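So you can see what is in the structure, the chains are spelled out below.
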Amino acid sequence: TALASFLRRCVQLLLSPIHVLACLGLWDSFYKKVLPYVTAKVAPICNHKVYKQKQKLFSNLREFAGPSGQLTLLEIGTGTGTNFQFYPPGCRLTCTDPNPNFRKFLLKSLSENQHLKLEHLVVASGEDLHQIPDGAVDVVVCTLVLCSVTNLEKVLTEVLRVLRLGGAFYFLEHVAADHSSWTYFWQKVCDPVWKYFGDGCSLSRETQKELEKTNFSELNLRCIRVTPSWIPTSPHIIGYAVK
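**Considering the pattern of salt bridges**
By the definition in use, this model includes nine salt bridges. Between Asp199 and Lys32 there is a salt bridge, with its nearest N and O atoms 3.4 Å apart. Of this pair, Asp199 sits in the loop between helix H7 (182–197) and helix H8 (207–213) while Lys32 sits in helix H3 (residues 26–49); the two residues are 167 residues apart in sequence, bridging distant segments of the chain. For Asp199, a relative accessible area of 27% puts it in the partly exposed group. As a salt-bridge pair, Glu210 and Lys213 come within 3.1 Å of each other at their nearest N and O atoms. A residue pair is termed a helical-turn pair when its members lie 3 or 4 positions apart in one helix, as Glu210 and Lys213 do in helix H8 at three residues. Since its relative accessible area comes to 63%, Lys213 is described here as exposed.

**Concerning the packing of helix H1 (residues 2–14) against H7**
At their nearest, the axes of H1 and H7 sit 8 Å apart, and the two run at 20° to each other. Here H1 is positioned roughly parallel relative to H7, judged by the angle of their axes. The chirality of how H1 crosses H7 is right-handed. Contacts between H1 and H7 pair Leu3, Ala4, Leu7, Arg8, Val11 and Gln12 from the former with Phe185, Trp186, Lys188, Val189, Asp191, Pro192 and Val193 from the latter. In terms of residue class, the contact of H1 with H7 is built from nine nonpolar, one polar and three charged.

**Details of the pairing of strand S4 (residues 137–143)**
Across the seven residues of S4, seven count as buried, placing the element largely inside the fold. Where strand S1 (residues 72–76) and S4 come together, three bridges link them in parallel fashion. Counted as the bridge partner of Leu73 is Val139 from S4. Of the pairings in the sheet, the one linking S4 to strand S5 (residues 163–174) comprises six bridges and is parallel in character. The residue of S5 that forms the bridge with Val139 is Ala168. As for the winding sense of the linkage, the β-α-β connection from S4 through helix H6 (residues 152–162) to S5 is right-handed.

**Observations regarding the side chain of Asp138**
One can find Asp138 in strand S4. Under the relative-accessibility criterion, Asp138 is labelled buried at 6%. Setting aside its immediate chain neighbours within four residues, Asp138 contacts Phe64, Ala65, Gly66, Gln70, Leu71, Thr72, Leu163, Arg164, Gly167 and Ala168.

Each value, and the rule that gives it
Residues numbered from 1 in each chain as written. Predicted model: local features only at pLDDT ≥ 70, side-chain atom pairs only at ≥ 80, totals over all residues. Heavy atoms only, no water. Salt bridge = Lys/Arg side-chain N within 4 Å of Asp/Glu carboxyl O. Helix = DSSP H or I, 4+ residues; strand = E, 2+ residues; numbered from the N terminus. Buried < 20%, exposed > 50% of the residue type's maximum accessible area, 1.4 Å probe, protein only. Axes fitted to C-alpha atoms, helices over the stretch in contact; angles between N-to-C directions. Parallel < 35°, antiparallel > 145°, perpendicular 65-115°, else oblique. Left-handed = near helix turned anticlockwise from the far one by under 90°. Contact = heavy atoms within 4.5 Å. Nonpolar A, V, L, I, M, F, W, Y, C, P; charged D, E, K, R; others polar. Pairing = 2+ DSSP bridges. Right-handed = clockwise from strand over helix to strand, strands pointing away.

Here's what the structure looks like:
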């Protein structure tokens, strides 16, 4: 709408100093150093809001264990490791994140979750997981990451490549609201702010459509709202897809 466009331009104008810093390459380097500290404080609060949903989502991880009986799991955008508590004992874990500054927070989470076995810690974006061989993992996990990747299609292509046949991709992501809703209106208005303060995050990304287009043999997806329901990040999708 015209009002949304006007408010969006106002927000962009207010953010012009940050935009200049970003163009000079100064904002990104500063933000990537600060982000892990902010995430370490905020992630437990967010995790608490979706604790029961995550518990239910990850309850069937064991079903995708390989012939050896051990579950080989790759997490994209591991961050501070807030999902570790939901993974089954003996899980062989590969963690990836494009931001190396998360390392000490991730290792702290691992020390608190000694039921897991860390096999690899890789600095890499979801679009390029060349360090991971084809069909090498039973499960890929991605939570609150697909909103901020540069190329969602490439990430999902990489997910399919590294998964073994019959493996599963687990996700929990905030997404665009219904286009006729006030939530979507505010998502479009706030998108410029969110991009800079959410590590490239888009509030209005329609991730479910990309998942539907990807060549999974099975897609189990449902829509939920995370409280408070009036915030732009309230609409979520949760589920898993099988290769």
